[in-house]
Amino acid sequence: MASYDILDNFTEGFCRWTPDWRLLKANAAFFRLTDIRGESSFSELHGIDKLSFTFYELGNAIARQVENLESINNFEIRLARETGGYCWFSVNARRVPDARGQTGYYDAYIRDITETKSKEAELSHQTFYDRLTGLANRELFVDRIRTALQTSKRRKDIGYAVLSFDLRHFKNINQHYGRGFGNMLLRHTAETIRACCREADAVARTGSDEFGVLLQGLEDGAQIVKIIKRVRSRLNAPFSAWEQSINSVRLDIGVIFPLTDYGKPESVLRDLDIAVGKAKGTRSKLGCKFFSRRQLEETRKHLSLSVVLQEKHNLEDFYLDYQPIVRPVDGGIHSFETLVRWKHEGAVVPPSIFIPIAEETGFIGRLGDFVIEESCRQMRYWQEKHAADIRLHVNISPYQLAMPTFPETVLAALSRTGVDASRLFFEVTESAFLRDFKKVLYNINAVRKQGIQFCLDDFGTGYSSLSHLRHLPIKCLKIDRSFINDLERDEKSRILLRHILSIGMDMGYSLVVEGVERQTQLNLLGDLDRLLIQGYYFYRPLSVDSAGALLELQKKR
Ligand code: C2E
Ligand code: MG
Ligand code: MG
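As the structure is a computational prediction, the values presented were derived from the model and not from experiment.

Colleague: Can you help me understand the sheet that holds strand 11 (residues 251-256) in this one?
Modeller: In a beta sheet, neighbouring strands pair by backbone hydrogen bonds and run either parallel or antiparallel. Overall, mixed pairing links the 5 strands, which are arranged 7-8-6-11-12 in an open sheet. Two strands bound the open sheet, and with one partner strand each, they are strand 7 (202-207) and strand 12 (288-290). This sheet shows a mean twist of 20° between the axes of neighbouring strands, independent of strand direction. Where strand 6 (residues 159-167) lies against strand 11, 6 bridges are found, and the strand directions are antiparallel. Residue pairing in the sheet places D166 in a bridge with D252 of strand 11. Against the sheet, helix 8 (residues 265-281) makes contact with strand 6, strand 11 and strand 12, and its axis sits at roughly 140° relative to strand 11, the strand it touches most.

In structure tokens form, the structure reads like this:
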């Protein structure tokens, strides 16, 4: 029967052993903690036939430490347990030399800190990982970039690239389809991106609807494009959750490659944001932009433009151009699309630059009101002067369309100018319907009551499918330019376009094809007598005077 010492009641383990693994003393807690089995106690070491793997590991680690330091305090070590899993110990130990200065024995006190460690790990996981997707978060991503920047200074041969994948219209999708759907979409996107990268690449959720990827070991940009194509093709499929679905998951992608000339991760992320911003504006299939210095300059300009727009109190630098929409069979003018222009510091800034800024700054409200009023006024003038049978297409920003004052503004413009509302078409994009749907629908219906008709602009670039269309109160589809671009080269584009046109016609929409620049494109459109065409092949946007002259000419035909 073993006798027990007071040390056997301690939860802390104690052990004294020699360099040749002879146990001189040890307490019950030590045996338990290090998985040494047998009946044993502090004073009597009988019943132990073999030491444990955990003990050998621990003993070796302690021996290494105290060889130089003589003693160690609160030394933390992780060990594999014989029973499986891991444990963490905090160790105080010393080396006790014999008369010749050699190690006589070791003394060690060990405390089990596994629980504290796992809490710490959980906490650090929460601090550095995103709960929803399980990916690293922005902090950790910044850390990875910092490490990559340091490494790339020493090792020029390791090519790094940083990518950002932004979910297009995510906020609108969240609003329209609900948060549950939004969360599932984020998870799906995260998993897809992770699956398309290699194990060594860092993938992170860097914002509410954006994901960052750090690729390493790249030789050239082609590898990046390959990964982007892989992500795109996997996400270019319908996604369903909560009994709802969207046709594809769309991304805007920014890339920085190579990762040289950067000192801080913050500059990398700044430039990445710029590249993503540029990607949003592109119509390229890849939807991706590599960052360039020029973009930084453009962004600085963008910021200064936004300051100008915010401070702008009058609208005298804004005017409208008019692009004819033509009946292709006889070349007659069906209508004009009004396109707003801004003359700033002697140059004309394109609307693709300043409309997004106007939307960001809220200036779009006043600008949009001006465009409606000016369009109505001009139409009235042409009707009187040329007795012209004319219609106008007016672009309405989604922001403007969702404003509570929108119907009032339109009504006021109609009554001030006295134009026939049925000659007005408002062009809206699909993203307008992804905003607050009820409000938008209310506004559209209020305006439709006056006789104004709605046209879906840039059709084919957004989320909805043809089947969604049925629920939208629109009369006319404007087929996006991107379909026409590829027409001559790509058989699939031709088939797709033919089907869209034929379904559109069968569903009773009037159809405008945008962006026709060449006869060859026109020839590929098929049945022309049921289409309207807008494009450089017939006319570029015209000044108000040229448009007036054209109307006069038409009258004489
Ligand atoms: P959008 O409504 O799709 O307008 C058609 C754009 O395509 C115009 O560019 C037009 O000049 C261009 N385009 C027409 N035919 C061709 C062609 O054959 N080839 C090519 N390459 N381009 C062609 P623009 O004037 O730069 O306008 C760009 C966008 O800015 C418009 O796209 C519209 O979304 C927006 N925008 C223009 N005016 C207004 C406005 O008054 N209000 C609002 N909210 N947005 C406007
Ligand atoms: Mg338009
Ligand atoms: Mg368009």
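Here the narrative resumes, following the displayed structure.
Colleague: What exactly am I supposed to notice about the pattern of salt bridges here?
Modeller: Across all of its chains, the model carries 32 salt bridges by this definition. Of the charged contacts, one joins E76 and K117 as a salt bridge, the two residues approaching to 2.8 Å between their closest N and O atoms. Here E76 is found in strand 3 (residues 71-80), whereas its partner K117 is found in helix 3 (residues 114-128), with 41 residues between them in sequence. Residue class for K117 comes out buried when judged on its relative accessible area of 16%. The closest approach of N and O atoms between D98 and R100, which form a salt bridge, is 3.7 Å.

Colleague: Can you walk me through the site of ligand 1 in this structure?
Modeller: The full set close to ligand 1 counts 22 residues, and E337, N395, D457, E517 and Y536 are the nearest of them. Q323 places a polar side-chain atom, nitrogen or oxygen, 3.1 Å from a nitrogen atom of ligand 1. Across the complex, the protein chains shield 84% of the 790 Å² of accessible surface that ligand 1 would expose by itself. For the shell around ligand 1, the elements supplying multiple residues, two or more each, are strand 14 (332-344), helix 10 (351-361) and strand 18 (453-459). If you tally residues by element for the shell around ligand 1, the top one is strand 14, at 4 residues. For the shell around ligand 1, the residue count by class is 9 nonpolar, 5 polar and 8 charged.

The rules behind each value
Sequence order as written defines residue numbering, which begins from 1 separately in each chain. For naming, the first written chain is A and the first written ligand is 1, with later ones following in the order written. Totals for whole chains, interfaces and linings use every residue, but because this is a predicted model, local features are given only for residues with pLDDT of at least 70 and side-chain atom pairs only at 80 or more, for both listing and counting. In computing side-chain properties, one takes all heavy atoms of the structure into account and sets aside hydrogens as well as water. Two strands pair under a simple rule: DSSP has to find at least two bridges between them. Only runs of H or I of at least four residues qualify as helices and only runs of E of at least two qualify as strands under DSSP, and these elements are numbered from the N terminus. Lines fitted to the C-alpha atoms define the axes, with helices restricted to the stretch that makes contact. Angles between their N-to-C directions range from 0 to 180 degrees. We call two residues contacting when some pair of their heavy atoms lies within 4.5 Å. The term salt bridge refers to a pairing of a side-chain nitrogen on Lys or Arg with a carboxyl oxygen on Asp or Glu at a separation within 4 Å. In this scheme, a residue with accessible area under 20% of its type's maximum is buried, one over 50% is exposed, and one in between is partly exposed, where area comes from a 1.4 Å probe on protein chains only. Being near a molecule or strand, for a residue, comes down to having at least one heavy atom within 4 Å of it. What qualifies as a polar contact is a pair of N or O atoms within 3.5 Å, subject to a donor-acceptor requirement within protein and to the restriction that residues adjacent in sequence count only when both atoms come from side chains. Computed with a 1.4 Å probe, the accessible areas rest on the Shrake-Rupley method; for each residue, only the protein chains presented here act as cover. Under the convention adopted here, Pro, Cys and the residues Ala, Val, Leu, Ile, Met, Phe, Trp and Tyr are nonpolar, Asp, Glu, Lys and Arg are charged, and Gly plus all remaining residues are polar.

The values are spatial; any link to function lies outside them.
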